[in-house]
Amino acid sequence: MDQISLLLEGFSNALTPMNLLWVVLGAILGTAVGVLPGMGSAMAVALLLPITFSLEPTAAFIMFAGVYFGGLFGDSTAGILLNTPGHSSAIASTFEGHRMAKNGHAAKALATCALGAFIGGLIATTLMVFFAPALVKLATVFGPAEYFALAVFAFLAISAVVSESVIRGLAALGIGLALALVGIDGPSGTARFTLGMPELFDGISVVVITVGLLALGEVFHIASRIHRDPVATRITPAGKARITWVDFRKALPAWLRGTAFGAPFGLIPAGGAEVPTFLAYGTEKQLAKRRRDPEFGTTGSIRGLAAPEAAANATAGTAMGALLALGLPTSATAAIMLAAFQQYGMQPGPLLFERSGDMVWALLASLFIGLVILVAINLPFASVWAKLLSIPRHYLYAGITVFSMLGVYAISSSLVDLWLLLAIGLVGFMMRRYNVPLAPVLIAVILGPMAETELRRALAVSQGDLRILVDSPITITLYAVLAAGLIISAIQHLRHRHDHDKAPAKEDVPA
Amino acid sequence: MSITPADTATAQTTAAPPRAKGFWTGRSEFAFVAFLYALAVFFTIGTATMHVLGKALPGPRLFPVIVCVLLYATATMLAIHIIRHRHLPDTEPHPGHGDFSADLLSDLAHITDEHTATRGPGMSNRSRTYSDWKTVGMIAGAAVAFISLLKVVGWILCAAFLFWVVAHALGSKRPVFDLGLALLLSSVIQLAFTAGLGLPLPSGFLEGLL
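Just so we're clear, the structure is a prediction, and the values are computed from it rather than from any experiment. (Residues numbered from 1 in each chain as written. Chains lettered and ligands numbered in written order. Predicted model: local features only at pLDDT ≥ 70, side-chain atom pairs only at ≥ 80, totals over all residues. Heavy atoms only, no water.)

Observations concerning the overall build of chain B
Of regular secondary structure, chain B possesses seven helices and zero strands. Counting helices and strands in the order they occur from the N terminus, chain B gives α-α-α-α-α-α-α. When the 210 residues of chain B are sorted by exposure, 46% land in the buried category. (Helix = DSSP H or I, 4+ residues; strand = E, 2+ residues; numbered from the N terminus. Buried < 20%, exposed > 50% of the residue type's maximum accessible area, 1.4 Å probe, protein only.)

Things to note about the overall build of chain A
Counting secondary structure elements, chain A contains 20 helices and two strands. Its C-alpha atoms give chain A a radius of gyration of 22 Å, near enough to 24 Å, the size a compact globule of 511 residues would have. Over its C-alpha atoms, taken along the principal directions, chain A stretches across nearly 65 × 65 × 50 Å. Among the 511 residues that make up chain A, the fraction classed as buried is 66%. When contacts within chain A are restricted to residue pairs at least 6 apart in sequence, those whose partners lie at least 24 apart make up 79%. Approximately 17,500 Å² of chain A is accessible, and the part contributed by carbon and sulfur atoms is 66%. (Rg over C-alpha atoms; globule rule 2.2 N^0.38 Å. Contact = heavy atoms within 4.5 Å. Areas by Shrake-Rupley, 256 points an atom, 1.4 Å probe, with all protein chains shown as cover.)

Notes on unusual backbone geometry
When glycine is set aside, most residues are seen to have a negative phi, and most peptide bonds are trans. Residues and elements named next belong to chain A. Its identity is not glycine, yet Leu195 carries a phi of approximately 55 degrees, on the positive side. Here Leu195 falls in the exposed class, since its relative accessible area comes to 63%. In this structure, Arg292 takes a positive phi of about 55 degrees despite not being glycine. With respect to the helices, strands and loops of the structure, Arg292 is situated in the loop between α11 (274–291) and α12 (302–326). Residue class for Arg292 comes out exposed when judged on its relative accessible area of 72%.

Points about the interface of chain A and chain B
Between chain A and chain B, the contact holds 103 residues from the first and 104 residues from the second. Roughly 9,400 Å² is buried in total at the junction of chain A and chain B, and carbon and sulfur atoms are behind 70% of that figure. The largest share of the area that chain A buries against chain B comes from Phe193, Arg228 and Tyr395 of chain A, three residues that together contribute 8% of it. Our enumeration of links across chain A and chain B arrives at one salt bridge. For Glu29 of chain B, the salt bridge goes to Arg168 of chain A, with nearest N and O atoms at 2.7 Å. A per-element tally of the side of chain A that touches chain B places helix α17 (residues 393–412) of chain A first, with 13 residues. When its residues are assigned to classes, the side of chain A that touches chain B shows 57 nonpolar, 25 polar and 21 charged. (Buried area = accessible area lost by both parts, 1.4 Å probe. Salt bridge = Lys/Arg side-chain N within 4 Å of Asp/Glu carboxyl O. Nonpolar A, V, L, I, M, F, W, Y, C, P; charged D, E, K, R; others polar.)

What about the pattern of salt bridges?
Oppositely charged side chains can pair when the atoms bearing their charge come close. Following the criterion strictly, the structure yields twelve salt bridges over all chains and no others. Put simply, Asp185, Arg192, Glu452 and Arg456 of chain A are held in one network by salt bridges that share partners.

Section: the nonpolar core
In terms of nonpolar packing, the biggest core is built from 218 residues, with Phe155, Phe341, Leu418 and Met431 of chain A together with Phe32, Phe146 and Trp155 of chain B touching the most fellow members. Two domains each provide a minimum of three residues to this core, namely domain 1 (6–115) and domain 2 (133–206) of chain B. Those residues in contact with Phe341 of chain A, other than ones at most four positions away along the chain, are Phe61, Leu323, Leu324, Met346, Pro348, Leu352, Met359 and Leu363 of chain A. In this structure, Ile91, Val161 and Val275 of chain A together with Ala109 of chain B belong to the second largest nonpolar core, which totals 17 residues. (Core = buried A, V, L, I, M, F, W, Y, C linked by side-chain atoms within 4.5 Å. Domains from an automatic or database assignment.)

Overview of empty space enclosed by the protein
Residue and element names in this part refer to chain A. Under the definition given, this model contains three cavities of 30 Å³ or more. In terms of lining residues, the second largest cavity is bounded by Val35, Phe73, Thr77, Leu110, Cys113, Ala114, Asn378, Ala382 and Trp385. Of all the elements in the fold, those that place two or more residues in the lining of the second largest cavity are α4 (57–82), α6 (106–140) and α16 (382–387). For the lining of the second largest cavity, the element with the most residues is α6, which contributes three residues. (1 Å grid on protein atoms, 1.4 Å probe; cavity = no way out; pocket = protein on both sides within 12 Å on 5 of 7 lines; lining within 4 Å. Points joined across faces, edges and corners; volume = space filled by probe spheres on them.)

Brief notes about helix α5 (residues 133–153) of chain B
The end-to-end C-alpha separation of α5 of chain B is 28 Å, in line with the 30 Å expected for 21 residues at 1.5 Å each. Of all bends in α5 of chain B, the biggest is about 35 degrees, found at Ile147 of chain B. Of all the positions in α5 of chain B, only Thr135, Val136, Ile139, Ala140, Ala142, Ala143, Phe146, Ile147, Leu150 and Val153 of chain B are classed as buried. The elements touched by buried residues of α5 of chain B are α9 (206–225), α17 and α18 (415–433) of chain A together with α6 (155–169) of chain B. At the exit of α5 of chain B stands Gly154 of chain B, carrying a positive phi of roughly 100 degrees. (Expected span 1.5 Å × (residues − 1). Bend = angle between axes of the 7 residues up to and from the residue.)

Examining the confidence of the model for chain B
Of all residues in chain B, 77% attain a pLDDT of 70 or more, and the chain-wide mean is 79. Counting contacts from residues 1–18 of chain B, a segment whose pLDDT is below 50, to residues more than four positions away or on other chains yields 45 contacts. (pLDDT = per-residue confidence, 0-100.)

What about the confidence of the model for chain A?
With 96% of its residues at a pLDDT of at least 70, chain A reaches an overall mean of 86. The model gives residues 504–511 of chain A a pLDDT under 50, and that stretch makes 19 contacts with residues more than four places away or in other chains.

Thoughts on a nonpolar patch on the surface
Residues and elements named next belong to chain A. The grouping of Ile4, Leu8, Ile123, Leu127, Phe130, Phe131, Leu252 and Leu256 at the surface amounts to a nonpolar patch, some 670 Å² of accessible area in total. Every element with two or more residues in the nonpolar patch is listed here: α1 (2–14), α6 and α10 (245–265). For the nonpolar patch, the element with the most residues is α6, which contributes four residues. For Ile4, the position within the fold is in helix α1. (Patch = residues over 30% accessible without salt bridge, like charges linked within 9 Å, V, L, I, M, F, W, Y side chains within 5 Å.)

This is the structure:
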């Protein structure tokens, strides 16, 4: 077993005092970000990105991994206690979790979350250690046409299959691809859309785009609603998050079922953990119905909370695998981490395992360390973390505004970047206002250049013959699966439009 | 913002959508269409006037052409959609601001009537616009001032000003305390960046004092 010796070597690299410090720091930051409503791990990684440029890559990625998992650990806290999930991947856990909290089981609910996140993350990360080399082997047979197909798959899956409105999703994709075009074109050296400004020759920095869309855009969105929307009431959990053996036995099958839903979805670019968490919740609901479980839907079922929690973290675990081995970001957060790799001049994929094997295995080992630290700081201190919810929102968003400006200024001390940040922030606000999805923009910005290069490379080889794009079993399979997804989603949209048309009060539903 | 259980959503009774008045009511999304067209036109002009280097085919124009077609097509389809469907402030759930289809997620989770009630936007009929432009404007104005003055006035005062205005705009009631907090935060950042990470932030006219 090659992987085990490599992993052990990774542990020996990761267990240095400095690296442990970064894991702990990442875990604490991640949990804090997860607990705070309105902040996702994507925003946290984006805000941290410029600040970590002064660190060495291994330390930076170990910290990002802590933030990524930590974000999911804390994510459900706001949902359970306030009934306002901070992130859409926590919605499914909110249903039963808030019911449990309202019936005096807040501590038990928080413990179920922390353990679920631990189990889901642990199993998925273990799977990844054993499957990553297989994925790497798969990726070595990929040529330009295959990579282009993979990018198209990611683009359309995120913008058209899972998003609320196909038109708005594709529009967002267009915006992202357009932003990625600015700058000097690598293969030919042509300056494109730079208006002759030397500041734009390197393109618009990914940091500017992500911080603008995710952080500043959110600040403007909150500003537009804070004086109009009602405030949620908070449930204060008492003491430690704890769980009895009986409850543990009850939740264990649900954690495992949730993991089984989550793990495969980390490899599919379907936007992250939302789809598997809802699938896991739906399964528990059907099972509860069959079992005639009286708790489900009334006082809150521990299983209905355990399954989506495990699913969310299992998705994150395998998403890291897809990112490292294939260079394929399956969610917005993964896309930003890919951007971080690129900033360090590394391209995830088969070559990364070959060239920076030490770092990859240290990163994988630190994921395990991170999970252990996370469960250790989340179980005993759940109620301390919940106190973060009492930070007034005006200070939170004022801080986010200042940190966005700081982060962008820190990359190149350029005022042009700050003006771009403000403009993109306002675009992000407009997109939130009309529920135009943001994930397609991020995926397009990060995979757009790759898609363009591979398309041109493929067409150059075939001398302009488009058939090369659908010439291999891998590309045909990818396009066929994509087509199936699009058809199913089209049927879904049409069926619901039909339903909405029947109910006259709901005729203003966006398509 | 999200699909939430019915029991708390009833706490905030959602106001009935305001009556449609003119053609423009409920069609403000044309602003987004205009943005898409503007972007498309900018990229079309850029592609047409591009000074192409090298002779390799396909060249640097191929992908921009695809992107422009995508932008024109989606902008036009969205415009047609808005003309056909007025979009009044709605009570529909939008997971992740539209990143995910609520219908799709509901189907996956077998969510039936007990979860369909949603946290409404809590739109009051007294406000003329859906968005609170005064608050947004204050923050955007503070950001413009911050960027224009950063090099002259320096990080500490600019960042403190930005923090203070945003906190005030979002409803903070303690102006003096906020001022102290803002100055503390901006000074700590300046110190950490200059001393700790070695990245200089502009110190402005306080240069000699620091």
